[in-house]
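Architecture at a glance
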Amino acid sequence: MICVVWNLWRGRKNIGKIIQALANDQLFVNDINQKKTPEHQRLSDKCCELQEKLEQKLDDEGKVLLTELVDTIYDEEYLETLKRFNRGYSLGVLMTMEVFEDYNSFFGKGGEE
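We now turn to the structure provided with this report. Treat the numbers as computed from the prediction; the structure is a model and nothing was measured. (Residues numbered from 1 in each chain as written. Predicted model: local features only at pLDDT ≥ 70, side-chain atom pairs only at ≥ 80, totals over all residues. Heavy atoms only, no water.)

As for the pattern of salt bridges
Our working rule: Counted as salt bridges are all cases of a side-chain nitrogen of Lys or Arg within 4 Å of a carboxyl oxygen of Asp or Glu. Numbering of helices and strands runs from the N terminus; a helix is a DSSP stretch of H or I covering at least four residues, while a strand is a stretch of E covering at least two. When a residue's accessible area, from a 1.4 Å probe over protein chains only, is under 20% of the maximum for its type it is buried; when over 50% it is exposed; and in between it is partly exposed.
A full pass over the atoms with the stated rule returns 4 salt bridges. Of the charged contacts in the structure, one is a salt bridge between Lys83 and Glu80, with a shortest N-O distance of 3.5 Å. Placement of the pair is Lys83 and Glu80 together in helix α4 (residues 60-101), with a separation of 3 residues, close to one helical turn. On the basis of relative accessible area, Lys83 is assigned to the partly exposed category, the value being 47%. The exposure class assigned to Glu80 is partly exposed, which follows from its relative accessible area of 28%. In the salt-bridge network here, residues are joined through shared partners; they are Glu80, Lys83 and Arg84.

Below, the structure written as structure tokens:
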């Protein structure tokens, strides 16, 4: 899809900001670019606090199991987030294709109302 969008923009003097950022490796979707909302920060802090309290009550074997559990939960959440991102991105591409298929309607050359 990037090739399709790039071909559409290739003839223009100023390409879109998103495409330019993508071309220059400046487009990131990692958490480092996003600030947490106050609610998200509160929940994040509470998770850390609860994990520390639980670790204090566990023996060494329990701490190893807790670490493994937390790591597994993070890994599973990451895969779920990746899946949702891919599905959302695909839906966005389909929506974009739908708009491009009917672009002539803006010039009075077709398209259904």
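Read on, since the account is not over.
Quick word on α4
As a reminder of what qualifies: For a helix, the expected span equals 1.5 Å multiplied by the number of residues minus one. Any pair of residues with heavy atoms lying within 4.5 Å of one another is described as a contacting pair.
Taking 1.5 Å per residue, 42 residues should reach 62 Å; α4 reaches 61 Å between its end C-alpha atoms and fits that length. Taken as a whole, α4 has its buried residues at Gly62, Leu66, Val70 and Val93. Looking at the packing, one finds that the buried side of α4 touches α3 (38-57).

Re a nonpolar patch on the surface
Defined as follows: By definition, no residue in a patch forms a salt bridge, and every one has over 30% relative accessible area; like charges are joined within 9 Å, nonpolar side chains (Val, Leu, Ile, Met, Phe, Trp, Tyr) within 5 Å. Here, Shrake-Rupley sampling with a 1.4 Å probe gives the accessible areas, and only protein chains in the shown set may cover a residue.
A contiguous nonpolar surface patch, about 550 Å² in accessible area, is contributed by Tyr78, Leu79, Leu82, Phe85 and Tyr89. Here Leu82 shows up in helix α4. Judged by its relative accessible area of 36%, Leu82 is partly exposed.

Thoughts on the packing of α3 against α4
Geometrically, a packed helix pair is captured by the angle between its two axes and the distance between the axes. For clarity, the threshold we go by: Angles shown run from 0 to 180 degrees and are taken between the N-to-C directions of axes, each axis being a line fitted to C-alpha atoms and, for helices, limited to the stretch in contact. Angle categories are assigned with fixed cut-offs, so that under 35 degrees is roughly parallel, over 145 is roughly antiparallel, 65 to 115 is roughly perpendicular, and the rest are oblique. Nonpolar residues are Ala, Val, Leu, Ile, Met, Phe, Trp, Tyr, Cys and Pro. Charged residues are Asp, Glu, Lys and Arg, and all others, Gly as well, are polar.
Axis separation between α3 and α4 bottoms out at 9 Å; the angle between their running directions is 155 degrees. If you check the angle between α3 and α4, you find them roughly antiparallel. Mapping the contact onto sequence places Gln51, Leu54 and Glu55 in α3 and Lys63, Leu66 and Val70 in α4. In terms of residue class, the contact of α3 with α4 is built from 3 nonpolar, 1 polar and 2 charged.

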